[in-house]
Amino acid sequence: MSVSLDIRLKRANKVYHEGEALSGVVVVMSKDSVQHQGLSLTMEGTVNLQLSSKSVGVFEAFYNSVKPITLISSNIEVVKPGKFPGGKTEIPFEFPLHVKGNKVLYETYHGVFVNIQYTLRCDMKRSLLAKDLSKTCEFMVHSLPQKGKLTPSPVEFSITPDTLQNVRERSSLPKFLIRGHLHATTCILSQPLSGELVVESSEVPIKSIELQLVRVETCGCAEGYARDATEIQNIQIAEGDVCHGFPIPIYMVFPRLFTCPTLETTNFKVGKGMETYISFRCF
């Protein structure tokens, strides 16, 4: 006897905000009637932290003090023990997205060392001779838009051999000058990062120019913190030896699942940065 369990949320994009109601239906599909010991729904929001491999063994207290941080947790019994008829059965449900005390619902974020996830799990208990059924569905939590207009904070930048970091033989680098600006350093995640970049001069022909969006995650405890920067996405904005003095537009859309507003808490921090990669032709 084949039985399937599914969770279908009312919103196709599965995006909710704090204070709203998470609603949908639980769908039970079966050819014949199904005996069960109850159907329950569990909603959880957690923050999972881990250290990078280079920091393992350095902060022993981290593993003992930091466990998954629960942001929200709720459980309801949807159906009492009984029997589902054959065919398709839909059971509606609704969960209020309210937190207790001073807790905050951080935005959904899938990072490398910091992971903020919200899930809805449906469990159907059955008799000893039949296997229990379980279905998990992830939904996203986004912050409400801030009231008031955000004042842009443009920034100018320039790149030369002297401004580069972690360079072993600076004398071997070709001479070049690249200027540019970003329209804002404080960005709304639903809007793109934009600006311009201009190659003023270069001794060697340029092969390509790329922009890399970087996440900076910090995890730890009172004993110490580990800070790691990893790539979120990489885009190419120019290919070949571009015209000098010609403005190249910068336009980067933030991937919502892998980015979140800048966070700073006791045990973890999440920030963003951007790096520019310039490749020169070799002769």
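Residues numbered from 1 in each chain as written. Predicted model: local features only at pLDDT ≥ 70, side-chain atom pairs only at ≥ 80, totals over all residues. Heavy atoms only, no water.

Account for the sheet that holds strand 12 (residues 155–159), with residues named and values stated.
Strand order in the open sheet formed by four strands is 12-13-14-17, and the pairing between neighbours is antiparallel. Across the chains shown, the open sheet's two edge strands, defined by having one partner strand only, are strand 12 and strand 17 (247–252). Strand-to-strand twist of the sheet, defined as the mean angle between neighbouring strand axes without regard to direction, takes the value 20°. (Pairing = 2+ DSSP bridges. Helix = DSSP H or I, 4+ residues; strand = E, 2+ residues; numbered from the N terminus. Axes fitted to C-alpha atoms, helices over the stretch in contact; angles between N-to-C directions.)

Quick one: what's the story with the nonpolar core, residue by residue and with numbers?
Among the nonpolar cores identified, the biggest contains 44 residues, and Leu9, Leu39, Val114, Ile116, Tyr118, Leu120 and Phe139 are the most heavily contacted of them. At the level of elements, strand 1 (3–9), strand 3 (21–30), strand 5 (39–49), strand 6 (69–79), strand 8 (87–96), strand 10 (114–124), strand 11 (133–141) and strand 19 (268–280) are the ones that each hand at least two residues to this core. Apart from the residues lying within four places of it in its own chain, the contact partners of Val114 are Val47, Asn48, Leu49, Tyr109, Glu217, Cys219, Phe268 and Val270. (Core = buried A, V, L, I, M, F, W, Y, C linked by side-chain atoms within 4.5 Å. Buried < 20%, exposed > 50% of the residue type's maximum accessible area, 1.4 Å probe, protein only. Contact = heavy atoms within 4.5 Å.)

If you had to explain the sheet that holds strand 1 to someone new, which residues and values would you point to?
Overall, antiparallel pairing links the three strands, which are arranged 1-3-8 in an open sheet. Sheet topology places strand 1 and strand 8 at the edges, where each strand pairs with a single neighbour. The mean inter-strand angle of the sheet, taken between neighbouring strand axes irrespective of direction, is 20°. With seven bridges connecting them, strand 1 and strand 3 associate as antiparallel partners. Paired with Arg8 across the two strands is Val25, which belongs to strand 3.

Kindly report on the packing of aromatic side chains, identifying the contributing residues and their values.
By convention here, two paired aromatic rings are described through the distance between centres and the angle between planes. Scanning the model with the defined rule gives four aromatic pairs in all. Seen in terms of ring centroids, Tyr118 and Phe139 are 5.9 Å apart; in terms of plane orientation they differ by 40°. Their pairing is tilted. Of this pair, Tyr118 sits in strand 10 while Phe139 sits in strand 11, and the two are 21 residues apart along the sequence. The pair formed by Tyr118 and Phe139 is uniform in burial state, with each residue classed as buried. Taken together, the ring pairs in this structure connect Tyr16, Tyr118 and Phe139 into an aromatic cluster. (Phe/Tyr/Trp six-rings, centres within 6.5 Å; stacked < 30°, edge-to-face > 60°.)

Summarise the environment of Pro205; cite the residues concerned and give the values.
Relative to the helices and strands, Pro205 is located in the loop between strand 14 (193–202) and strand 15 (206–221). Along the backbone, Pro205 and Phe280 are 75 residues apart, and their C-alpha atoms lie at a distance of 6.0 Å.

Outline the state of the cysteines, supporting the account with residue identities and numerical values.
Under the definition given, this model contains zero disulfides. Residue Cys137 stays outside any disulfide, its sulfur separated by 11 Å from that of Cys122, the closest cysteine. Residue classification places Cys137 among the buried residues on the basis of a relative accessible area of 7%. (Disulfide = S-S within 2.5 Å.)

Outline the pattern of salt bridges, supporting the account with residue identities and numerical values.
Summed over all chains, the structure comprises seven salt bridges. Of the charged contacts in the structure, one is a salt bridge between Arg256 and Glu107, with a shortest N-O distance of 2.9 Å. Placement of Arg256 in the loop between strand 17 and strand 18 (263–264) and of Glu107 in the loop between strand 8 and strand 9 (109–110) is noted, with a sequence separation of 149 residues between them. Across the pair Glu264 and Lys269 runs a salt bridge whose closest N-O atoms are separated by 3.9 Å. The exposure class of Glu264 is exposed, given its relative accessible area of 65%. (Salt bridge = Lys/Arg side-chain N within 4 Å of Asp/Glu carboxyl O.)

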